[in-house]
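Read off the chains here:
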Amino acid sequence: MSAPAIRAWTWVHKWTSLICTLFMLLLCLTGLPLIFHHEISHWLGDDIQAPTLTGEQAALAQRAPVSLDVMAAAAKARYPDRVIQFAGPNEDDDRLWWFTLTPTPAPTNDYKSLAVDTRTGQVVGDYKVGEGFMDLMLRLHVDLFAGLPGKLFLGFMGLLLLVALVSGVVLYAPFMRKLDFGAVRRDRSPRIRWLDLHNLLGIVTLVWCFVVGATGMINTWADLLVKYWQYDQLTTVLAPYKDEPVTPMDQRGSLQQALDNAVSHASGMKVSFIAFPGTSYSSPHHNTVFLKGATPLKSKLLTPLLMDARTGVLTAAPELPWYLTALLVSQPLHFGDYGGMPMKVLWALLDLATIVVLGSGVYLWLRKPQGARRQAASTAAGRELMQEDLDAAAG
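Everything quoted here is computed from the prediction, not taken from an experiment.

Rules used in this analysis
- Residues numbered from 1 in each chain as written.
- Predicted model: local features only at pLDDT ≥ 70, side-chain atom pairs only at ≥ 80, totals over all residues.
- Heavy atoms only, no water.
- Disulfide = S-S within 2.5 Å.
- Buried < 20%, exposed > 50% of the residue type's maximum accessible area, 1.4 Å probe, protein only.
- Helix = DSSP H or I, 4+ residues; strand = E, 2+ residues; numbered from the N terminus.
- Arc of directions from axis to C-beta.
- Contact = heavy atoms within 4.5 Å.
- Polar contact = N/O pair within 3.5 Å; in protein donor to acceptor, adjacent residues only side chain to side chain.
- Pairing = 2+ DSSP bridges.
- Core = buried A, V, L, I, M, F, W, Y, C linked by side-chain atoms within 4.5 Å.
- pLDDT = per-residue confidence, 0-100.
- Axes fitted to C-alpha atoms, helices over the stretch in contact; angles between N-to-C directions.
- Parallel < 35°, antiparallel > 145°, perpendicular 65-115°, else oblique.
- Left-handed = near helix turned anticlockwise from the far one by under 90°.
- Salt bridge = Lys/Arg side-chain N within 4 Å of Asp/Glu carboxyl O.
- Nonpolar A, V, L, I, M, F, W, Y, C, P; charged D, E, K, R; others polar.

## Points about the state of the cysteines
Right, so step 1: Scanning the model with the defined rule gives 0 disulfides in all.
Right, so step 2: Sulfur of Cys209: no disulfide; nearest cysteine sulfur belongs to Cys28 and is 6.9 Å away.

What follows is the structure, given as C-alpha cells:
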C-alpha cells in the first residue's frame with residue numbers, strides 16, 4: 001500500500017479501537033461468566049429442580065399430563081395482577097414449564113419468572129430475577145441498565161469493533177511483511193514485545209471476535225427487528241382483526257387445544273415457547289406457538305404458528321424472514337451454546353485472549369513514543385520510532 005493509504009487505515013484502526021475498547025473490555029469481562037450461565041446458576045443454587053413425587057401424586061402423574069390451561073392458571077394465581085407474556089418447556093427438564101409474567105403485555109424489565117410442574121400443575125418456585133451476580137452481569141452485558149438506548153449504544157460499539165478488525169487485517173500484512181508469522185521479538189523493548197503479542201493474538205482470535213461482535217450487534221437490534229416483523233409480515237394476517245383490542249382473557253379459548261393443533265401441523269418438531277396475545281413475537285389476537293427442530297442446529301431455527309386466541313385454530317404459519325432467523329441463530333452462537341461444554345470452554349479461552357488483545361492495545365497507545373514525528377524528519381532513530389508509532393496504531 002502507498003504511504004497515504006497506510007496512514008488512512010492506521011487512523012481508522014486507531015480511533016475505532018480506542019473508542020470501543022473500554023466497552024469491549026466490559027462486554028468481555030461480563031460475557032465470561034455468562035458463557036457458563038447455566039452451570040453457575042446451578043452451582044449457586046438458583047436453578048429450580050422438579051420435586052420427587054411419591055404415593056398418590058406419583059400415581060396420578062403417570063396417568064396423563066396436566067393440561068397447559070391448568071399450569072397457566074396456577075402461574076396466574078401466583079401473580080393475579082400480572083399477565084402471562086411467554087411460556088415454554090424447560091430445556092434441561094421436561095417435567096417443568098416456565099412462565100413469564102409482567103404488569104402489561106409490552107416489553108419490560110419488570111417481570112416474574114416461575115416454574116410449574118407438568119405432572120401436578122403446581123408452582124414449584126420462582127426463578128431469581130433482578131438480583132444476584134448473574135443478573136448484574138447480564139444487565140451490564142445487554143444494555144448497561146439503560147434499556148433500548150443502551151442496547152443500541154452497545155450495538156454501535158460492536159460496529160466500531162468490526163471496523164477495527166477489518167482495518168487491523170488490512171494493516172497486518174504491511175507491518176508484518178519482514179517478520180515470520182507469530183514472531184514475538186523478545187530481544188526488543190517491552191513495548192515491541194507487547195506489540196508483537198497484540199498482533200499475534202489479534203490475528204488468531206480474528207474470526208471469533210468477528211463472529212461474536214457481529215452476533216452481539218445483531219442481538220442489540222432484537223426489539224426493533226421484532227417490531228418491524230410485526231409491522232411488515234403480520235399486517236395481512238391481522239387484517240380481519242383491524243381496530244379490535246387485545247383479546248380479553250375471558251374470551252380466550254383453551255391453550256392446550258391451541259398447542260395440540262399447532263403440534264399436529266408440524267410433525268417431528270417440539271415446542272420452543274408460546275408468545276401470548278399482545279406481546280412481542282405475537283399479535284393482539286393470537287397465541288403464537290414457536291416450534292423447533294430436534295437437532296442442535298435446527299433447534300435454533302423456529303417456526304411460528306399463529307393460533308387464534310379465541311378458537312385455537314391455526315390462522316397462519318408465516319416463514320420467519322431472514323433477519324429474524326439471523327437474530328435467533330445469533331443469540332446462542334454469541335454465548336457458545338451450540339456445542340455443549342467443549343464449545344463453552346473454547347469460547348471462554350478465546351474471550352480471555354481477546355481481553356489480552358484489548359488490554360495490550362490500550363497499553364501500546366499509552367506507551368506511544370513521544371516526539372516520534374518530530375525526530376523522524378531528521379534522524380534514522382526518529383524513523384524507527386515513527387515505525388513503532390505506526391505499528392502501535394496498527395495494533
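## Points about helix α4 (residues 68–78)
Turn by turn, an α-helix covers 3.6 residues, leaving residues three or four places apart pointing in a common direction.
Right, so step 1: Among the residues of α4, Leu68, Met71, Ala72, Ala74 and Ala75 are the ones counted as buried. Down the axis, α4 shows its buried residues gathered within 160° of arc, on one side only.
Right, so step 2: In this structure, the buried side of α4 is in contact with β1 (83–89), β2 (96–102), β3 (112–117), β4 (123–126), α10 (255–264) and β5 (270–275).
Right, so step 3: Where α4 starts, the residue carrying a side-chain oxygen 3.1 Å from the main-chain nitrogen of Asp69 turns out to be Ser67.

## A closer look at the pairing of β4
Right, so step 1: Here β3 pairs with β4 via 3 bridges, running antiparallel. Within β4, the position partnered with Ala115 by the bridge is Gly125.
Right, so step 2: Taking the residues that link successive antiparallel strands as the turn, the β3-β4 hairpin has 5 residues, and the phi of Gly121 there is positive, at about 75°.

## Digging into the nonpolar core
Right, so step 1: One finds Leu68, Trp97 and Phe99 to be the most contacted residues of the largest nonpolar core, which totals 25 residues.
Right, so step 2: Looking at this core, the elements that each hand over two or more residues are α4, β1, β2, β3, α10, β5, β6 (286–292) and β7 (302–308).
Right, so step 3: Counting residues in hydrophobic clusters, the runner-up holds 23 residues, among them Trp208, Met343, Leu350 and Ile355.

## Points about the confidence of the model for the chain
Right, so step 1: On average, residues of the chain score 83 in pLDDT, and 87% of them are at 70 or above.
Right, so step 2: Here residues 371–386 is a poorly scored stretch, pLDDT under 50, and it has 14 contacts once near neighbours within four places are set aside; other chains count.

## Re the packing of helix α9 (residues 222–233) against helix α11 (residues 322–335)
Right, so step 1: Viewed as axis vectors pointing N to C, α9 and α11 meet at an angle of 150°, and their least axial separation amounts to 10 Å. In this view, α9 runs roughly antiparallel relative to α11, as classed from their interaxial angle. The handedness of the crossing between α9 and α11 is left-handed. Within the contact between the two elements, α9 uses Ala222, Leu225, Val226, Tyr228, Trp229, Asp232 and Gln233 and α11 uses Tyr323, Leu324 and Leu327.

## Description of the pattern of salt bridges
Right, so step 1: Scanning the model with the defined rule gives 8 salt bridges in all.
Right, so step 2: Asp143 is the partner of Arg139 in a salt bridge, and the nearest nitrogen-oxygen pair spans 3.4 Å. Take Arg139 and Asp143: they sit in the same class, and that class is buried.

## Topic: α10
Right, so step 1: Among all positions in α10, only Leu255, Ala258, Leu259 and Ala262 are buried. Around the axis of α10, the buried residues are gathered within 100° of arc, so they sit on the same side.
Right, so step 2: Buried-residue contacts for α10 involve α4, β2, β5, β6 and β7.
Right, so step 3: The N-cap residue of α10 is Ser254: its side-chain oxygen and the backbone nitrogen of Gln256 are 3.3 Å apart.

## Observations regarding the packing of helix α7 (residues 190–204) against helix α12 (residues 340–366)
Right, so step 1: For the pair α7 and α12, interaxial distance at closest approach is 9 Å and the crossing angle is 140°. Between α7 and α12 lies a crossing whose hand is left-handed. Each of Pro190, Arg191, Trp194, Leu195, His198, Leu201 and Gly202 in α7 lies in contact with α12, whose residues at this interface are Ala353, Val356, Val357, Ser360, Gly361, Tyr363 and Leu364.
Right, so step 2: Looking at the contact of α7 with α12 residue by residue, the classes come out as 9 nonpolar, 4 polar and 1 charged.

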